[in-house]
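The residues making up each chain are set out below.
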Amino acid sequence: SDSHRWRSNFIRTVLERDIPMFAPRLSAPRLERLWRMLAHSQGGLLNATQLGRNLEVSTPTVTAYIDLLVDLLLVRRLPPYHANIKKRLVKSPKTYLRDSGLVHCLLGVETLHDLLGHPVVGMSWEGMVIETLLGYTPFRTEASFYRTATGAEIDLVLEMGAKHGVWAIEIKRTTAPKMERGFRQALADIQPDRAFIVYGGQERYPKEDGVEVIGMHDLAAELARLS
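Q: Can you explain the packing of aromatic side chains? Please cite residues and give values.
A: Here the structure, examined in full by the defined rule, presents four aromatic pairs. Between tryptophan 6 and phenylalanine 10, the ring centres sit 5.7 Å apart and the planes meet at 10°, which makes this aromatic pair stacked. Within this pair, tryptophan 6 and its partner phenylalanine 10 are both found in helix H1 (residues 2–22), separated by four residues, close to a single helical turn. A residue is classified by how much of its surface remains accessible, and tryptophan 6, at 56% relative accessible area, is exposed. The interplanar angle of 80° and the centroid separation of 6.2 Å between the aromatic rings of tyrosine 199 and tyrosine 205 together place this pair among those described as edge-to-face. For tyrosine 199, a relative accessible area of 4% puts it in the buried group. Overall, tyrosine 205 belongs to the partly exposed group, its relative accessible area being 27%. A cation sits over an aromatic face here: arginine 194 above tryptophan 167, 4.9 Å from the ring centre.

Next up, the structure:
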């Protein structure tokens, strides 16, 4: 309850003090609505036009609002992976609130029990894993996601230069992750140097097609050793 109260106060401080300081012409109430919308669509593809309709503002205005949240390190805009692949790739970025605690607070989720029964639980976990891993990647790592129009998908692609290559990372909250067809196809498409499934367990073990199942903390340690 103390944490939830602190996070609520933090949100109010950002909206009432920080936003007027950095962008005095932006509407704080409208920005708060956008912030909540992004929490509801955690990890979803960005559709600025639809968000603009919901907020009754133009698409450029929504983009400016999101730019500010990105600049304040509150939102991550994860770009799509682009490579010379003859596939029709998704072009829109995905958006994540960078702090899972703020996701929960904006959605009114106060307890673990509430979270486990909430539709956001899987994407909240995914966002937390992405932020944790990116905190340990080598300097100048380029992070993205891979998705084709036919459903081949990788949650996180790390391009770490000639020395460490490309790592593909799928994120599953389950304790018994499976190799999904879309992930297999995506691996065949981009041919990464290493591939992992990050899951909610602690054991580390190999999967088929050279994929390794690994816990979040162990993969973070693997990345830290590269720096």
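Q: Go over the environment of glutamate 131 with me, naming the residues and quoting the values.
A: Position of glutamate 131 among the secondary structure elements: in helix H7 (residues 121–134). The spatial distance from the C-alpha of glutamate 131 to the C-alpha of serine 41 is 17 Å, given a sequence separation of 90 residues. In this structure glutamate 131 touches Arg76 and Arg98, once residues within four positions along its chain are discounted. A distance of 2.5 Å separates polar atoms of two side chains, one belonging to glutamate 131 and the other to arginine 76.

Q: I'd love a proper account of the pairing of strand S3 (residues 142–147), names of residues and values included.
A: Sheet topology places S3 next to strand S4 (residues 153–159); five bridges connect them, and they run antiparallel. Note that in S4 the partner of alanine 143 across the bridge is leucine 158. Counting the residues that bridge the hairpin from S3 to S4 gives five residues, and of these glycine 151 lies at a positive phi of roughly 105°.

What counts, and at which threshold
- Residues numbered from 1 in each chain as written.
- Predicted model: local features only at pLDDT ≥ 70, side-chain atom pairs only at ≥ 80, totals over all residues.
- Heavy atoms only, no water.
- Phe/Tyr/Trp six-rings, centres within 6.5 Å; stacked < 30°, edge-to-face > 60°.
- Helix = DSSP H or I, 4+ residues; strand = E, 2+ residues; numbered from the N terminus.
- Buried < 20%, exposed > 50% of the residue type's maximum accessible area, 1.4 Å probe, protein only.
- Lys NZ or Arg CZ within 6 Å of the ring centre and 35° of its normal.
- Contact = heavy atoms within 4.5 Å.
- Polar contact = N/O pair within 3.5 Å; in protein donor to acceptor, adjacent residues only side chain to side chain.
- Pairing = 2+ DSSP bridges.

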